[in-house]
Amino acid sequence: MAATGDDNGAVTSPDASDLAALRPRLPSPLQEVTDDRFARRGVRLLLKRDDLIHPELVGNKWRKLAPNLIAAAGRTVVTFGGAYSNHLRATAAAGRLLGNPTIGIVRGQELADRPLNPSLARCVADGMRLHFVDRTTYRCKSEPETQAGLLRAAGAEGAYVVPEGGSNALAVRGCRELGEELRGQADVVALACGTGGTLAGLAAGLGPGQRALGIPVLKGGFLAADVERLQEQAFGERRGDWALDDRFHFGGYGRTTAELDAFAKDFEERHEVAVERLYVAKLLYGLVVMVEEGAFGKGDAVIAVVTGAPFGR
């Protein structure tokens, strides 16, 4: 699985067969759950268990990272994230499993002098080298001149760059397979959104008459433009029937409330499914509100994509 030397000492980079050797569970299971809040409205609720794809490259992280790791062709992979980034952890784990060096550019220069939190400590344990930057510079990380400066400062010139959240054209095309796995399985497929790449690919893969619903976990109302841009980069045009509902971010990325935590615990007890709080809980909470509002028709089947698992469980 790791990048290795051949008989002549040349480096053999990870390829599709290496990724297959990691034994991903694809297609991921589709699990119907009986929930009275949906049943009394005549709506079926199913969970697309992408959290079961791989124990370390969980959920949509596998779908986004796999094509990018092949494209990296053994080069160092550089990516970006905050102090609790699921994407940083997944990239670090992928680097360890495949023998790719990884560097994480982390938002918040002030964190450099503090003890690492459990999330960043896991990244380091998996071999990722961390480079902390101030928040003003981080906001401009996608600008070519700023990004070039960041790569120089991190000693990563010539590295393969994966954007924050892993969302680029390759990732979107990888996530199209999620939609293809769900063709004909439901009327609505819903998921929580960070950078929009999974929604962009999912919507493109669904069949006629199906629609994708995104629940942003960041506030600001900017995500629709980002999803359209990602689809244009991946496919040359907007694809599929998709929409966003911005009401369920609970204050923004990384924010939760006592109400949301209580909801997640209740869902776990009802259905014996561990609920990740920063994304999946917000998705499920939003769906419960929407079904009570009559957003889905009697007889509709709604799939909630479980894109991640609670860290540390």
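Here we summarise the structure given alongside this text. (Residues numbered from 1 in each chain as written. Predicted model: local features only at pLDDT ≥ 70, side-chain atom pairs only at ≥ 80, totals over all residues. Heavy atoms only, no water.)

1. Focus on the nonpolar core
- Among the nonpolar cores identified, the biggest contains 34 residues, and L47, L284, L287 and F296 are the most heavily contacted of them.
- The set of elements that each furnish at least two residues to this core consists of β4 (44–48), β9 (188–193), β10 (211–216), α11 (258–271), α12 (280–292) and β12 (301–305).
- Here this core gets 9 residues from one element, more than from any other, and that element is α12.
- Setting aside residues no more than four positions away along its own chain, F296 makes contact with V43, V188, R211, L287, M290, V291 and V302.
- In this structure, A186, A203, L223 and F235 belong to the second largest nonpolar core, which totals 25 residues. (Core = buried A, V, L, I, M, F, W, Y, C linked by side-chain atoms within 4.5 Å. Buried < 20%, exposed > 50% of the residue type's maximum accessible area, 1.4 Å probe, protein only. Helix = DSSP H or I, 4+ residues; strand = E, 2+ residues; numbered from the N terminus. Contact = heavy atoms within 4.5 Å.)

2. Points about the sheet that holds strand β6 (residues 102–107)
- What the 4 strands build is an open sheet, ordered β7-β6-β5-β8; its pairing is parallel. The open sheet terminates on both sides in strands that have one partner only, identified here as β7 (129–133) and β8 (160–161).
- Summarising the sheet, strand β5 (residues 77–81) and β8 pair through 2 bridges and their orientation is parallel. What sits directly across from V77, in β8, is Y160.
- Of the strands in this sheet, β5, β6, β7 and β8 are in contact with helix α7 (residues 144–153), which crosses β5 at around 115°. (Pairing = 2+ DSSP bridges. Axes fitted to C-alpha atoms, helices over the stretch in contact; angles between N-to-C directions.)

3. So, the pairing of β4
- Judged by how many residues are buried, β4 sits mostly within the fold: 4 of 5 residues are covered.
- Bridge analysis of strand β3 (residues 30–33) against β4 gives 4 bridges, and the strand direction is antiparallel. Counterpart to V33 in the pairing with β4 is L45.
- Here β4 pairs with β12 via 5 bridges, running parallel. By the bridge assignment, K48 is partnered in β12 with V305.

4. Thoughts on the side chain of S119
- Looking at where S119 falls in the secondary structure, it is placed in helix α5 (residues 118–125).
- Engagement of the side chain of S119 in a polar contact is seen with the side chain of R89, the distance being 2.8 Å.
- Here S119 is in contact with A83, Y84, S85, R89 and F311, once residues within four sequence places are set aside. (Polar contact = N/O pair within 3.5 Å; in protein donor to acceptor, adjacent residues only side chain to side chain.)

5. So, the sheet that holds β10
- Spatially, 6 strands are ordered β3-β4-β12-β9-β10-β11 in an open sheet, and the strand pairing comes out mixed. Two strands lie at the open edges of the sheet, namely β3 and β11 (242–244), each paired on one side alone. With strand direction ignored, the average angle separating the axes of adjacent strands in the sheet is 25°.

6. Considerations on helix α4 (residues 86–98)
- Over its 13 residues, α4 runs 18 Å from end to end, which matches the ideal 18 Å to within 8%, given 1.5 Å per residue.
- Where burial is concerned, most of α4 is hidden: 12 out of the 13 residues are buried.
- The set of residues buried in α4 consists of N86, H87, L88, R89, A90, T91, A92, A93, A94, G95, L97 and L98.
- With a side-chain oxygen lying 3.2 Å from the backbone nitrogen of H87, the N-terminal cap of α4 falls on S85.
- Immediately downstream of α4, the backbone of G99 shows phi near 80°, a positive value. (Expected span 1.5 Å × (residues − 1).)

7. Observations regarding α12
- Here α12 spans 19 Å end to end across 13 residues, near enough to the 18 Å set by a 1.5 Å rise per residue.
- Counting buried residues in α12 gives 11 out of 13 residues, a clear majority hidden from the surface.
- Within the sequence span of α12, burial applies to V280, A281, K282, L283, L284, Y285, G286, L287, V288, M290 and V291.
- Packing partners of the buried residues in α12 comprise α2 (36–39), β4, β9, β10, α11 and β12.
- Immediately downstream of α12, the backbone of G294 shows phi near 80°, a positive value.

8. A closer look at unusual backbone geometry
- A cis amide bond, omega -10°, links L26 with the succeeding residue P27.
- Inspection of the secondary structure puts P27 in the loop between α1 (16–21) and β3.
- Backbone geometry at A73 places phi at a positive 55°, although glycine is not the residue there.
- Classification of A73 as partly exposed rests on a relative accessible area of 41%.
- The backbone of E272 shows a phi angle near 55°, a positive value even though the residue is not glycine.
- Relative to the helices and strands, E272 resides in the loop between α11 and α12.

9. Concerning the packing of helix α3 (residues 60–72) against helix α8 (residues 169–181)
- The interhelical angle for the contact between α3 and α8, taken along N-to-C directions, is 135°, at an axis separation of 7 Å. Considering their axes alone, α3 and α8 lie oblique with respect to each other. Considering how the two elements wind past one another, α3 and α8 form a crossing that is right-handed. Here α3 contributes R63, K64, P67, N68 and A71 to the contact with α8, which in turn contributes L170, A171, G174, C175, E177, L178 and E181. (Parallel < 35°, antiparallel > 145°, perpendicular 65-115°, else oblique. Left-handed = near helix turned anticlockwise from the far one by under 90°.)

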